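# Remarks on the overall topology
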Amino acid sequence: MKKILLLTLAALVLLPAFAGSHEQGQEKRYALYGVAFYNLENLFDTIHTVGRNDWEYLPEGQNKWGTMKYTNKLRNMAKVLAELCTDKLPHGAAIIGVSEVETAGALADLVAQPALAKRGYQFIHVDGPDRRGVDCGLLYNPRFFQVTDHMLVPYYYKDDAQPDVDLGFHVEGTKVVPEPYERGQLRGDTTHITRGFLVVSGLLAGEKVHVIVNHWPSRAAGSEARERAGYQVYHLKEALLRQDPGSKVIIMGDMNDDPNNKSMTEGLQCKHKLKDVRSEHDLYNPWWDTLYKVGQGSLLYDGKWNLFDQIVLSGNLISQDRSSLAYYRHEVFVRDYLFQQEGKYRGNPKRTHAGGVWLNGYSDHLPTIVYLVKE
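Calculation criteria
Residues numbered from 1 in each chain as written. Predicted model: local features only at pLDDT ≥ 70, side-chain atom pairs only at ≥ 80, totals over all residues. Heavy atoms only, no water. Helix = DSSP H or I, 4+ residues; strand = E, 2+ residues; numbered from the N terminus. Buried < 20%, exposed > 50% of the residue type's maximum accessible area, 1.4 Å probe, protein only. Contact = heavy atoms within 4.5 Å. Phe/Tyr/Trp six-rings, centres within 6.5 Å; stacked < 30°, edge-to-face > 60°. Lys NZ or Arg CZ within 6 Å of the ring centre and 35° of its normal. pLDDT = per-residue confidence, 0-100. Pairing = 2+ DSSP bridges.

### Comments concerning the side chain of Asn63
Along the chain, Asn63 falls in the loop between strand S3 (29-43) and helix H1 (67-83). Residue classification places Asn63 among the buried positions, given a relative accessible area of 10%. Once residues lying within four places of it in the same chain are set aside, the contact partners of Asn63 are Glu56, Tyr57, Lys69 and His353.

Below, the structure is given as structure tokens:
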């Protein structure tokens, strides 16, 4: 007989993948949680932020970014975010990491959209050093994920004078403390200044979980810059596990690299086969087969799919023992409306702008989702 999945504060759903015998005459019940990531592609407000190069996203700027366009962008983003995970969970995702958000005000406007407001989403945002002003953020449903702490750990730039001094954080007692600056300045070569790593800690299904939201350096910065990001996030993960033994870590974001690139395989040290995950310190990347066997990605460039938008899990989320929170499955979120339906770029994700033309679209990236389950 099929076991029944009990969706916390939601509805009963059958999971055919879970089949087995009764225990003491009763079927086991499972709670399912959706965790997602979405690059919102330039969610800028219409007001200039001092010190940020946001001129193209102002009413008088190159993109003529006025109230009408901004309002449409918010509505479009909210539509997608509200639909994430609803194939399996009527209340949607518990946690959604986002990137390319300009301000906390833009996120406040986003969660106030009717499609999201009725869910009660809250958000975490910390201003970062990116010159354009685009940051990472986290949306969460407090009914499912209770935030206890957050911080922005800086990306540390290569400094030939001090190549291995620091990774941008240290541990004091039981708390990871970021050290972004030296005499008020970011260390190292900041030619390609980039976002830091947003760490949000909390309780999911009653278990301590650390979520690290990323937007790694651009392709223009070169592979080494992203390899450095992977290396730093790996050691940040190690610090979090030392701080909270037994806690679980979810690393998500736009890595600007595919699952087989060095930043993921050597910097972050991801495993792409379940059998290779042997401890809580290992990291499992489920997206390898999605790109290289299924041929499905999250963005299209020159007719080729890439999968930059990845969600990676600490080894203690990989288990057949469902008595604690565990990985269940993953997917790229696909809807017809997210794609260009005609013209030269037919089949590409439908962007907000393309070739200087306002398309009233969504993003050049598709969202990605991981489902976690617990008995």
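### Looking at the packing of aromatic side chains
Given two aromatic rings, their pairing is described by the distance between the two centres and the angle made by the two planes. Inspection of every chain in the model, using the stated rule, returns eight aromatic pairs. Here Tyr57 and Trp65 contribute two aromatic rings whose centre-to-centre distance is 5.1 Å and whose plane-to-plane angle is 80°, an arrangement assigned as edge-to-face. Each member of the pair Tyr57 and Trp65 is classed as buried. Relative to Tyr327, the ring of Tyr284 lies with its centre 5.7 Å away and its plane at 70°, an arrangement referred to as edge-to-face. On the criterion of sequence distance, the pair formed by Tyr284 in strand S16 (residues 283-284) and Tyr327 in strand S20 (residues 326-332) is long-range, its members being 43 residues apart. Classification of Tyr327 by relative accessible area gives buried; the value is 13%. Three or more aromatic residues link up through ring pairs in this structure, and these residues are Phe44, Tyr57 and Trp65. One residue, Lys79, lies across the ring of Tyr337, its end atom 4.5 Å from the ring centre.

### Quick word on the confidence of the model for the protein
When pLDDT is averaged along the protein, the result is 88, and 86% of the positions lie at 70 or above. Segment residues 1-24: pLDDT under 50, and 61 contacts once partners within four positions in sequence are set aside and those in other chains are kept.

### Regarding the pairing of strand S4 (residues 95-101)
Extensive coverage of S4 is indicated by the burial of seven of its seven residues. Sheet topology places S3 next to S4; six bridges connect them, and they run parallel. Residue pairing for S4: Tyr38 is matched across the bridge by Val98. Where S4 meets strand S6 (residues 135-140), five bridges bridge the pair, whose relative direction is antiparallel. What sits directly across from Gly97, in S6, is Leu138.

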